[in-house]
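Each chain, letter by letter, is given below.
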Amino acid sequence: MTLLSEMNQRALELGVPLSVHLDLTYRCNERCVHCYLDHDDHGEMTTVEIADLLVQFADAGVFFLSLSGGEVFMRRDFFEIVERARRLLFNVKIKTNGVMIHEAEAAGLRQLGVEQVQISVYSHRPEIHDAITKLPGSLNRTIKAIRFLKAQGLKVSISNVVMNANATDQRGVMMLARELGVEYTLDPTITPKLDGDTSILSHRITGDELKRIFHDPELVGDVGEFCAAPPPPGRDVMEGLPCSAGHTACYISPYGDVFPCVQFPRPCGNVRRQKFLDIWRHSPQLNEVRSIRAKDLPTCSTCAHVGTCTRCPGLAYMEGDMRGPSTADCEKSFYRTGMPSANMLQRKLPGSVGPLIQIQGVTCVRSASVVAAANALTD
Amino acid sequence: MDRYIARGSGIAARMLGGEMMVMSTTDSTFFSLNEVATVIWQAADGRTPLSEIVANKICLEFDVDQERAQVGADRFVDELSRHGILLVSEHPWISSLQMRESR
């Protein structure tokens, strides 16, 4: 067990929110086609409110603080917030598109002791990246930002969200990351909008693309290990927690709403009306999330993938049931291993290399698309 | 020669269940300090000599002889200073340390 996992275990036992993801704003200078946010400002927390919240976080034991958005640099008080956070000795990670980072901003982040900057890059090709962000010249500016940050000695990682428009560009982005001397992470997850609108799920890549990615040693390392059939789940798996959401981590929106995770939009309270620690400790919604073990998942507990699936309870929640399957993760498990999930079998969707099922609605509409997909499989 | 220790600026730190977690934001090395190390960490104000911290805090609170405690404290300080987590000087540090006490 590593020191970090020991720390996570201790935080879990003590009920400490070790990690908080705080979105400072939903405003953004890009308009990414797959973005799940409403970019209008509906009353963001003020500098004073955030300063108070940071103190509450520190008192609650928060160690890892991710500041994200929207675009964090859209806030004029961004550096003041980072400075306050660093004075309280948080490990601060920034998520940004980098477009507004120049030499001065990079130097400022270095001076404040930000631990890591994560930057979204969709393609190594400007025409693809800029078409996704809808901001002409954005790739060029983002790459310049990465160079400024690296010149300051900051740890930078490129986050490569994969969708239809950039489905074949992972290796190109990975090479770009190598050239820039930064880390690379790939994420094929496209989530519904926070208001439940699922239209952007049409940007999800096909099953064939997902399978290709999962079997590319450049991207996943040891393919045999990565794509191995899951071992039979032991008792520890069935007693295990779905993920850290609500257990040692949570998400706060720019309006003060508390959720188990950024991908789990179940409202648990608002820090404008209640102290953070009160919400963390006593929210019935959070406590319900915490009560769920793998054995409590009606479908997933019967699934061969239960011990290895990346099942996201937030995506399951957005599909209508936080104890239900997350269809997108069922498909990931299937295209990784070739073994259909229990959910796919129940829905009579045998293993196939056919097109990835596009979820068209959060709840009932999904069944229509499942029927369509099942028909396609038998054609 | 006595040494003065102060906490570096490129660190993240928090108490968790009685132990101090400390991370260098420069090289991302991570340490979990035990009770004794936590006491030294908390006393690292840049003004108190390390030998005084050992004598007045460690030996008194943990019932250990000074020579042994000093060896352990020196090793701990050397290790953390290699990562910029602790700053070491032969002279007292002045008010360059702006970071608040970790909680």
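Residues numbered from 1 in each chain as written. Chains lettered and ligands numbered in written order. Predicted model: local features only at pLDDT ≥ 70, side-chain atom pairs only at ≥ 80, totals over all residues.

Participant: Before we move on, could you go through the overall build of chain A and cite the residues and values that matter?
Facilitator: Scanning chain A from terminus to terminus reveals 17 helices and 9 strands. Taking 21 Å as the expected radius of gyration for a compact globule of 379 residues, we find that chain A reaches 21 Å, a close match to that expectation. Each principal axis of the C-alpha atoms in chain A carries an extent, and together these give about 60 × 50 × 40 Å. Classification of the 379 residues of chain A by burial places 45% in the buried group. Sequence separation of 24 or more characterises 68% of the internal contacts of chain A that already satisfy a separation of 6 or more. (Helix = DSSP H or I, 4+ residues; strand = E, 2+ residues; numbered from the N terminus. Rg over C-alpha atoms; globule rule 2.2 N^0.38 Å. Buried ≥ 20, exposed ≤ 12 C-beta atoms within 10 Å, placed from the backbone. Contact = placed C-beta atoms within 7 Å.)

Participant: Describe the overall build of chain B, listing the residues and the values that go with them.
Facilitator: Secondary structure summary: chain B contains 3 helices and 6 strands in total. When the helices and strands of chain B are placed in sequence order, the string is β-β-β-β-α-β-α-α-β. Computed over C-alpha atoms, the radius of gyration of chain B comes to 13 Å, within 12% of the 13 Å expected from 2.2 N^0.38 for 103 residues, which places it in the range of a compact globule. Seen through its principal axes, chain B has C-alpha atoms that stretch 35 × 30 × 20 Å.

Participant: How would you summarise the packing of helix H8 (residues 207-214) of chain A against helix H15 (residues 327-337) of chain A if you had to cite specific residues and measurements?
Facilitator: Residues and elements named next belong to chain A. At a minimum axis distance of 8 Å, the contact between H8 and H15 shows a crossing angle of 55°. Looking at the two axes, H8 sits oblique to H15. Our pair here, H8 against H15, has a crossing hand that is right-handed. The segment H8 lies against H15, with Gly207, Leu210, Lys211 and Phe214 engaging Glu331, Lys332, Tyr335 and Arg336. Each residue belonging to the contact of H8 with H15 can be placed in one class, and the counts come to 3 nonpolar, 1 polar and 4 charged. (Axes fitted to C-alpha atoms, helices over the stretch in contact; angles between N-to-C directions. Parallel < 35°, antiparallel > 145°, perpendicular 65-115°, else oblique. Left-handed = near helix turned anticlockwise from the far one by under 90°. Nonpolar A, V, L, I, M, F, W, Y, C, P; charged D, E, K, R; others polar.)

Participant: Describe the interface of chain A and chain B, listing the residues and the values that go with them.
Facilitator: Interfaces are often sized by the amount of accessible area the parts lose when they come together. In this assembly, 20 residues from chain A lie in contact with 18 residues from chain B. Listed by contribution, the elements that provide at least two residues to the side of chain A that touches chain B are helix H1 (3-14) and helix H2 (47-60) of chain A. The greatest single-element share of the side of chain A that touches chain B, amounting to 6 residues, is contributed by H1(A). The class makeup of the residues in the side of chain A that touches chain B is 12 nonpolar, 3 polar and 5 charged.

Participant: Explain the environment of A:Lys193 to me, and be specific about the residues and the numbers.
Facilitator: Residue and element names in this part refer to chain A. Tracing the sequence through the fold places Lys193 in the loop between strand S6 (183-187) and H8. On the basis of neighbour count, Lys193 is assigned to the partly exposed category, with 17 C-beta atoms found within 10 Å. It is 35 Å that separates the C-alpha atoms of Lys193 and Gln111, two residues lying 82 residues apart in sequence.

Participant: Just give me the short version of the sheet that holds strand S5 (residues 45-49) of chain B, but keep the residues and values in it.
Facilitator: Residue and element names in this part refer to chain B. Taken in spatial order, the 3 strands line up as S5-S1-S6 in an open sheet, and their pairing is antiparallel. Each edge of the sheet is formed by a strand with only one pairing partner; in this case those strands are S5 and strand S6 (86-89). The mean angle between the axes of side-by-side strands here comes to 25°, regardless of whether they run parallel or antiparallel. Note: strand S1 (residues 4-7) against S6, 4 bridges, orientation antiparallel. Within S6, the position partnered with Tyr4 by the bridge is Ser89. (Pairing = 2+ DSSP bridges.)

Participant: Any details on the sheet that holds strand S4 (residues 30-33) of chain B? Residues and values, ideally.
Facilitator: Strands in a sheet are paired, the pairing made by backbone hydrogen bonds, and the direction either parallel or antiparallel. All names here are of chain B. The strand order across the open sheet built from 3 strands is S2-S3-S4, with neighbouring strands paired in antiparallel fashion. The open sheet has two free edges, formed respectively by strand S2 (11-16) and S4, since each of these has just one partner strand. On average, adjacent strands in this sheet sit at an angle of 15° to one another, irrespective of strand direction. As paired strands, strand S3 (residues 19-24) and S4 are joined by 4 bridges and run antiparallel to one another. Within the sheet, the bridge partner assigned to Met23 lies in S4 and is Phe30.

Participant: Go over the pairing of strand S7 (residues 249-252) of chain A with me, naming the residues and quoting the values.
Facilitator: All names here are of chain A. Going residue by residue along S7, you find Ala249 and Tyr251 tucked away on one face and Cys250 and Ile252 tucked away on the opposite face as well. Where S7 and strand S8 (residues 257-259) come together, 2 bridges link them in antiparallel fashion. The partner of Ile252 across the bridge, within S8, is Val258. Where S7 folds back onto S8 in an antiparallel hairpin, the turn is made up of 4 residues, including Gly256, whose phi is positive at roughly 90°.

Participant: An account of the nonpolar core is requested, with residue identities and associated values reported.
Facilitator: Considering soluble globular proteins, one finds that nonpolar side chains tend to be buried as a cluster. Within the largest apolar cluster, 105 residues are counted, with the highest numbers of intra-cluster contacts made by A:Leu65, A:Phe90, A:Leu149 and B:Val22. The leading source of residues in this core is helix H6 (residues 138-151) of chain A, at 6 residues. Contacts of B:Val22, omitting those with residues within four sequence positions, involve B:Ile11, B:Ala13, B:Phe31, B:Leu33 and B:Ile85. Core analysis: the next-biggest nonpolar cluster, separate from the first, contains 11 residues, A:Val162, A:Met163, A:Leu201 and A:Met344 among them. (Core = buried A, V, L, I, M, F, W, Y, C linked by C-beta atoms within 7 Å.)

Nothing here speaks to function; it is all geometry.
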